[in-house]
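Examining the three-dimensional arrangement
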Amino acid sequence: MEKRVVIITGGAQGIGKVTAAQLHRNGWFVVVADCDLEALAEMEAECKPENWLFFGTDVADEEQVKTMMQQVIAKNGRIDALVNNAMISANKTISALSLSKWNRVLAVNLTGPFLCVKYAEEALRESRGAVVNICSTRALQSEPNTEAYSASKGGLLALTHALAMSLGPEVRVNAVSPGWIDVSSVKKKTVAQQIPLSEQDHAQHPVGRVGEARDIANMIEFLLATENSFITAQNFIVDGGMTRKMIYAE
């Protein structure tokens, strides 16, 4: 039986990298797409060549996305899953946030997933595959100066259920909204540095700890599993309960 093929955007660092490694260990053929060529090259050097493909891809560039999808299909003949994980942020005051930066955040975080689904649609329908969009708790609540990021993730959440209606019943589409996930050490060598986490940081979470990338990878893998074929158009908040906890100033 041919291996199932998954494409993970933004897959060379952080949640994407951990998810890619986990799915690969569990038998998937993994395609990693990332616009950070340094991080991509490091990851490729770390991985054995079997059952991997690596593409330098800016998901906001339609031609790059189209070419990547065509090459994946040419090599593997199928796409079974797509994880739209690539994202950027621009946390600035409204007065300091330029229109070009605003547009770039929306282009990567919202238009990127649209383009990836657009050019993977036919293959996903043929395989009766699944899409997982990595959204954010920022789609539901915000901190100051996060307008571009929050708006893009809110749009991605809406895009998720819209796609589920349009692509069903052949393709399932769900979202995962991570809370505080520490990926400070899961980055390319030039920037990887484990940030210190305090007892207070952990205590903000009812489960007693800050999240790790594997927590999100586990949910993604669950949603991609064929035995969970009754789940679509949903948003799964994976935040250790943090966004349900009422915090009062002392």
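Report follows, based on the coordinates. Everything numeric here is computed off the predicted structure, so don't read it as measured data. (Residues numbered from 1 in each chain as written. Predicted model: local features only at pLDDT ≥ 70, side-chain atom pairs only at ≥ 80, totals over all residues. Heavy atoms only, no water.)

1. A look at the environment of Ser 127
Within the fold, Ser 127 resides in helix α4 (residues 99–127). Counting along the chain gives 48 residues from Ser 127 to Ile 79, while the straight-line C-alpha distance between them is 6.9 Å. Beyond its immediate chain neighbours, meaning those up to four positions away, Ser 127 contacts Ile 79 and Asp 80. A distance of 3.2 Å separates a polar side-chain atom of Ser 127 from the backbone oxygen of Leu 124. (Helix = DSSP H or I, 4+ residues; strand = E, 2+ residues; numbered from the N terminus. Contact = heavy atoms within 4.5 Å. Polar contact = N/O pair within 3.5 Å; in protein donor to acceptor, adjacent residues only side chain to side chain.)

2. Remarks on the packing of aromatic side chains
In the structure shown here, the tally under the stated rule is one aromatic pair. Aromatic side chains Trp 52 and Phe 54 sit 5.6 Å apart centroid to centroid with 15° between the ring planes, which places their arrangement in the stacked category. One Lys or Arg, Lys 118, reaches over the ring of Tyr 119 and ends 5.7 Å from the middle of that ring. (Phe/Tyr/Trp six-rings, centres within 6.5 Å; stacked < 30°, edge-to-face > 60°. Lys NZ or Arg CZ within 6 Å of the ring centre and 35° of its normal.)

3. Some thoughts on the pairing of strand β1 (residues 5–9)
By the criterion of burial, β1 is predominantly enclosed, with five of the five residues buried. By the alternation rule, side chains of β1 split into Val 5, Ile 7 and Thr 9 and Val 6 and Ile 8, which are all buried. When β1 meets strand β4 (residues 81–84), the two strands line up parallel, connected through three bridges. Bridge pairing in β4 places Ile 7 opposite Leu 82. (Buried < 20%, exposed > 50% of the residue type's maximum accessible area, 1.4 Å probe, protein only. Pairing = 2+ DSSP bridges.)

4. Examining helix α7 (residues 213–224)
In this model α7 runs 17 Å from its N-terminal to its C-terminal C-alpha over 12 residues, within 8% of the 16 Å that 1.5 Å per residue would give. For α7, every residue scored as buried is listed here: Ala 213, Asp 215, Ile 216, Ala 217, Ile 220, Leu 223 and Leu 224. (Expected span 1.5 Å × (residues − 1).)

5. Description of the nonpolar core
Within the largest apolar cluster, 33 residues are counted, with the highest numbers of intra-cluster contacts made by Ile 7, Val 31, Met 69, Val 72 and Ile 79. Residue assignment for this core shows that the elements contributing at least two residues are β1, β2 (29–34), β3 (52–56), α3 (62–76), α4, α5 (147–167) and β6 (172–178). When residues of this core are assigned to their parent elements, the largest contribution, seven residues, is made by α4. Apart from the residues lying within four places of it in its own chain, the contact partners of Ile 79 are Val 5, Ile 7, Met 69, Val 72, Ile 73, Ala 120, Ala 123, Leu 124 and Ser 127. Judged by nonpolar contacts, the second largest core, of 30 residues, contains Trp 28, Ile 181, Ile 216 and Ile 220. (Core = buried A, V, L, I, M, F, W, Y, C linked by side-chain atoms within 4.5 Å.)

6. Structural notes on the sheet that holds β6
Strand order in the open sheet formed by seven strands is β3-β2-β1-β4-β5-β6-β9, with parallel pairing between adjacent strands. Only two strands of the sheet have a single partner each, and these edge strands are β3 and β9 (235–238). Strand-to-strand twist of the sheet, defined as the mean angle between neighbouring strand axes without regard to direction, takes the value 15°. In terms of strand pairing, β6 meets β9 through four bridges, oriented parallel. Paired with Ala 175 across the two strands is Asn 235, which belongs to β9. Sitting on the sheet, α3 touches β1, β2, β3 and β4, and the angle it makes with β3 is about 160°. (Axes fitted to C-alpha atoms, helices over the stretch in contact; angles between N-to-C directions.)

7. What to know about unusual backbone geometry
With omega at 5°, the peptide bond leading from Gly 168 into Pro 169 counts as cis. On the secondary structure map, Pro 169 appears in the loop between α5 and β6.

8. A few points about the packing of α4 against α5
Put simply, α4 and α5 touch, their axes get as near as 8 Å, and they point 15° apart. It follows from the interaxial angle that α4 and α5 lie roughly parallel. The chirality of how α4 crosses α5 is right-handed. Judged by residue contacts, Trp 102, Val 105, Leu 106, Asn 109, Leu 110, Pro 113, Phe 114, Val 117, Glu 121 and Arg 125 of α4 engage Glu 147, Ala 148, Tyr 149, Ala 151, Ser 152, Lys 153, Gly 155, Leu 156, Leu 159, Leu 163, Ser 166 and Leu 167 from α5. Taken together, the residues of the contact of α4 with α5 break down into 14 nonpolar, four polar and four charged. (Parallel < 35°, antiparallel > 145°, perpendicular 65-115°, else oblique. Left-handed = near helix turned anticlockwise from the far one by under 90°. Nonpolar A, V, L, I, M, F, W, Y, C, P; charged D, E, K, R; others polar.)

9. Some words on the side chain of Asn 228
Within the secondary structure, Asn 228 sits in the loop between α7 and β9. A relative accessible area of 15% places Asn 228 in the buried class. Leave out the neighbours within four places in its chain, and Asn 228 touches Arg 172 and Phe 222.

10. Some remarks on the layout of surface pockets
Within this model, the largest pocket holds a volume of roughly 1300 Å³. What lines the largest pocket is a set of 39 residues, and nearest its centre among them are Met 87, Ser 89, Tyr 149, Ile 181 and Val 183. Elements with a minimum of two residues in the lining of the largest pocket: α1 (14–25), β2, α4 and α5. Classifying every residue of the lining of the largest pocket gives 16 nonpolar, 14 polar and nine charged. (1 Å grid on protein atoms, 1.4 Å probe; cavity = no way out; pocket = protein on both sides within 12 Å on 5 of 7 lines; lining within 4 Å. Points joined across faces, edges and corners; volume = space filled by probe spheres on them.)

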